[in-house]
Amino acid sequence: MKIPWPGNQCIICLDEDALSEEHVIPASLGGALKCEFLCKPCNDRLGSSFEAKAKTDPAIRLAVANLQAEIPT
């Protein structure tokens, strides 16, 4: 499911660059919601730092599992 996002400014660096479609919750954690709110460089940095750690964090995995029924597809 794609969520509309107003504007064309990256929410991290605030550059008005081409935004790429991102998972709001990483796909590797079961996320299905997508939105265009990050530029490619910020998405790459966030993905390599946060997502890599989140996939192995037991608390995050448990939270995602418990919320799975609430996440729209």
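Let me sum up the structure you'll find in this document.

Criteria and thresholds
- Residues numbered from 1 in each chain as written.
- Predicted model: local features only at pLDDT ≥ 70, side-chain atom pairs only at ≥ 80, totals over all residues.
- Heavy atoms only, no water.
- Phe/Tyr/Trp six-rings, centres within 6.5 Å; stacked < 30°, edge-to-face > 60°.
- Helix = DSSP H or I, 4+ residues; strand = E, 2+ residues; numbered from the N terminus.
- Buried < 20%, exposed > 50% of the residue type's maximum accessible area, 1.4 Å probe, protein only.
- Disulfide = S-S within 2.5 Å.
- Lys, Arg positive; Asp, Glu negative; His and termini not counted.
- Salt bridge = Lys/Arg side-chain N within 4 Å of Asp/Glu carboxyl O.
- Polar contact = N/O pair within 3.5 Å; in protein donor to acceptor, adjacent residues only side chain to side chain.
- 1 Å grid on protein atoms, 1.4 Å probe; cavity = no way out; pocket = protein on both sides within 12 Å on 5 of 7 lines; lining within 4 Å.
- Points joined across faces, edges and corners; volume = space filled by probe spheres on them.
- Nonpolar A, V, L, I, M, F, W, Y, C, P; charged D, E, K, R; others polar.
- Core = buried A, V, L, I, M, F, W, Y, C linked by side-chain atoms within 4.5 Å.
- Contact = heavy atoms within 4.5 Å.
- Expected span 1.5 Å × (residues − 1).
- Bend = angle between axes of the 7 residues up to and from the residue.

Things to note about the packing of aromatic side chains
Next, step 1: Using the criterion set out here, one finds 1 aromatic pair in the structure.
Next, step 2: Geometrically, the ring pair formed by W5 and F37 is tilted, given 5.6 Å between the ring centres and 45° between the ring planes. Residue W5 is found in the segment before β1 (19-23), and its partner F37 is found in strand β2 (residues 34-39); the two are separated by 32 residues along the sequence.
Next, step 3: Taking relative accessible area as the criterion, W5 reaches 38% and is therefore assigned partly exposed.
Next, step 4: Note on F37: relative accessible area 13%, which makes it buried.

Focus on the state of the cysteines
Next, step 1: Tallied over the entire structure, the rule returns 0 disulfides.
Next, step 2: For the unlinked cysteine C10, the closest cysteine sulfur is that of C42, found at 3.7 Å.
Next, step 3: Classification of C10 by relative accessible area gives buried; the value is 1%.
Next, step 4: C42 supplies the cysteine sulfur nearest to C13, a cysteine that is in no disulfide, at a spacing of 3.7 Å.

Focus on the side chain of E22
Next, step 1: Its location among the elements puts E22 in strand β1.
Next, step 2: In this structure E22 is buried but unpaired, with K40 as the nearest side chain of opposite charge at 7.5 Å.
Next, step 3: Polar side-chain contacts of E22 include one of 2.7 Å to the side chain of N43.

Focus on the layout of surface pockets
Next, step 1: Taken as a whole, the largest pocket encloses approximately 210 Å³ of empty space.
Next, step 2: As for the largest pocket, its lining consists of E22, H23, V24, P26, A27, F37, L38, N43, L46, G47, F50 and E51.
Next, step 3: Of all the secondary-structure elements, those providing two or more residues to the lining of the largest pocket are β1, β2 and α1 (40-54).
Next, step 4: Here the residues of the lining of the largest pocket sort into 7 nonpolar, 3 polar and 2 charged.

What to know about the nonpolar core
Next, step 1: Counting residues in each nonpolar core, the largest one holds 7 residues, listed as C10, L19, C35, F37, L38, C39 and C42.
Next, step 2: Ignoring sequence-local partners within four residues, the contact set of L38 consists of C10, I11, I12, L19, S20, E22, N43 and L46.

Concerning α1
Next, step 1: The terminal C-alpha atoms of α1 lie 20 Å apart, and with 15 residues this matches the ideal 21 Å at 1.5 Å per residue to within 8%.
Next, step 2: When the local axis directions of α1 are compared, the greatest deviation, roughly 35°, occurs at G47.

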